[in-house]
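Secondary and tertiary structure notes
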Amino acid sequence: MLEINNLSAYYGNICALRGVSFHVDAGETVALIGNNGAGKTTTVRTISGLMKAREGEIRFMGERIDQLRPDQIVRLGISHSPEGRKVFPSMTIRENLLMGGYIVRDPKAVNRSLEYVLELFPRLKERYSQLSETLSGGEQQMLAIGRALMSEPKLLILDEPSLGLAPLIIKQIFELIRHIQQKGITILIIEQNARQALKVSHRGIVLETGQIAFEEKAADMLHNDRVRKAYLGEK
Ligand code: ATP
């Protein structure tokens, strides 16, 4: 579904990604893990068109997307739930969700997505007309994911969905991710919380200083000593 070939990206002269290649198959959940500064955010921002690659190519369902604008990429079926719960604080929950569905022309499809998202996140339904700034951190994260689902994506990119959240809320977020998987949506997830991310994933890919170090079945990675020491905080 998603194929990335020899991708390099820079911030000015600083090389953030160096010849990165990997793929994500339809229906898979893939966890991209790695330490701070490894290039995870840069990778997903490049896929969503928020940043331009200097070299390499990105294909989505066979079509080259690395020269497209972010809105064109959303239209093709890639939706990005950003890090840091970047919801619009002075807009209501309803308005935030409708923003996520702005590319969908058919009002019936928008209503269908809205129903799905509100069913998935009942807290958002309860607070539907409130301003997003009144939501807790966990609820804002749910809103960011809900907003990304409004465009009916084929591929959902989740950037640090558990960042800054309490353990109980993190558990809820990962349960919701399982529901989203059951809907057949392909997921690329980046997480500091590598253990949780690997538990819901089919495969894990490790990035180290802008390069792919290795990839493996997620279940095997959870038992891999090198991964356990370097990324799962074990001795
Ligand atoms: P984190 O989890 O800390 O966000 P990451 O794996 O997502 O880490 P990136 O944010 O993609 O890593 O950063 C990759 C590299 O690019 C790092 O060396 C980082 O310092 C550098 N970098 C990121 N953003 C910028 C920027 N706006 N300007 C200059 N360098 C940047």
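Residues numbered from 1 in each chain as written. Predicted model: local features only at pLDDT ≥ 70, side-chain atom pairs only at ≥ 80, totals over all residues. Heavy atoms only, no water.

Looking at the pattern of salt bridges
Once the charged atoms of two side chains with opposite charge are near each other, the side chains can pair. Going by this rule: The rule for a salt bridge is simple: a side-chain nitrogen of Lys or Arg has to be within 4 Å of a carboxyl oxygen of Asp or Glu. Exposed residues in this analysis have more than 50% of their type's maximum accessible area, buried residues have under 20%, and partly exposed residues fall in between, with area computed by a 1.4 Å probe over protein chains only. Here a helix means four or more residues in a row that DSSP labels H or I, a strand means two or more in a row labelled E, and each is numbered from the N terminus.
For the structure on display, the rule yields 13 salt bridges. Its salt-bridge partner being D66, residue R64 comes within 3.0 Å of it at the nearest N-O pair. Exposure remark for R64: the relative accessible area of 39% places this residue in the partly exposed category. The class of D66 is buried, set by a relative accessible area of 6%. Residue R123 is joined to E139 by a salt bridge in which the shortest nitrogen-to-oxygen separation is 2.6 Å. With R123 in helix 5 (residues 122–126) and E139 in helix 6 (residues 137–149), this pair connects stretches of sequence that are 16 residues apart. Owing to a relative accessible area of 8%, E139 belongs among the buried residues under this scheme. Connected via shared salt-bridge partners are E57, R59, R64 and D66.

Digging into the site of the ligand
Formally: One heavy atom suffices: a residue is near a molecule or strand as soon as one of its heavy atoms comes within 4 Å of it. Polar contact criterion, stated in full: a pair of N or O atoms within 3.5 Å, where within protein one must be able to donate a hydrogen and the other to accept it, and residues adjacent in sequence count only if both atoms are side-chain atoms. Note that accessible areas follow from Shrake-Rupley with a 1.4 Å probe, and for residues the cover is restricted to the protein chains shown. Residue polarity follows a fixed list, in which Ala, Val, Leu, Ile, Met, Phe, Trp, Tyr, Cys and Pro are nonpolar, Asp, Glu, Lys and Arg are charged, and the others, Gly among them, are polar.
The ligand sits among Y11, A16, N35, N36, G37, A38, G39, K40, T41, T42, E160 and Q192. One nitrogen or oxygen atom from the main chain of G37 is found 2.7 Å from an oxygen atom belonging to the ligand. Contact with the protein chains hides 61% of the accessible area of the ligand, taken as 620 Å² for the molecule alone. With 3 residues, helix 1 (residues 40–47) is the largest single contributor of residues to the shell around the ligand. The residue inventory of the shell around the ligand, partitioned by class, reads 3 nonpolar, 7 polar and 2 charged.

Points about the sheet that holds strand 7 (residues 155–159)
Heads up, the rule is: Any two strands are treated as partners once DSSP identifies two or more bridges connecting them. Lines are fitted to the C-alpha atoms to define the axes, a helix being fitted only along its stretch in contact, and any angle between axes, read from their N-to-C directions, falls within 0 to 180 degrees. Every residue pair with non-hydrogen atoms within 4.5 Å of one another is taken to be in contact.
Reading across the sheet, the 6 strands line up as 6-7-8-3-9-10 and stay open at both edges, with mixed pairing between neighbours. Looking at the sheet topology across the chains shown, the edges are occupied by strand 6 (78–81) and strand 10 (211–217). Here the average twist between neighbouring strands, direction ignored, is 20°. Pairing of strand 6 with strand 7, which is carried by 4 bridges, proceeds in the parallel orientation. Residue H80 lies in a different strand from strand 7, and its bridge partner there is I157. Across the sheet, helix 6 touches strand 6 and strand 7, and the angle it forms with strand 6 is around 170°.

A short note on the domain arrangement of the protein
Often, the extent of an interface is quoted as the loss of accessible area upon association of its parts. How we decide: Where a domain begins and ends is set by an automatic assignment or by a domain database. Note on terms: buried area is the combined drop in 1.4 Å-probe accessible area of two parts once they are placed together, counting the loss on both.
Domain parsing of the protein yields domain 1 (1–77 + 154–233) and domain 2 (79–152). Computed from C-alpha atoms alone, the centre-to-centre distance between domain 1 and domain 2 is 22 Å. Contacts between domain 1 and domain 2 engage 28 residues on the former and 22 residues on the latter. Carbon and sulfur atoms supply 65% of the area buried between domain 1 and domain 2, which totals about 2,000 Å² over both sides. If you sort the residues of domain 1 by the area they bury against domain 2, V74, R75 and L176 come out on top, with a joint share of 23%. One can count 0 salt bridges joining domain 1 with domain 2. Summed over the shared surface of domain 1 and domain 2, the result is 5 residue pairs in polar contact (both at pLDDT 80 or more). In terms of residue count, helix 7 (residues 167–182) provides more of the side of domain 1 that touches domain 2 than any other element does, 6 residues in total. Class assignment of the residues belonging to the side of domain 1 that touches domain 2 gives a composition of 15 nonpolar, 6 polar and 7 charged.

A few points about the layout of surface pockets
What counts, and what does not: Only protein atoms enter the 1 Å grid used here. Points where a 1.4 Å probe fits but cannot escape make up a cavity, open sets with protein on both sides within 12 Å along at least five of seven lines make up a pocket, and a residue lines them when an atom lies within 4 Å of a point. Grid points are joined across faces, edges and corners, and a volume is the space filled by probe spheres set on the points.
Of the voids in this model, the largest pocket is the one considered here, and its volume is about 550 Å³. In this structure, the largest pocket is lined by 22 residues; those nearest its centre are L50, V74, H80, P82 and R147. Contributing elements (two or more residues each) for the lining of the largest pocket: helix 1, helix 2 (70–76), strand 6, helix 3 (93–100) and helix 6. Across the lining of the largest pocket, the residue classes break down as 10 nonpolar, 6 polar and 6 charged.

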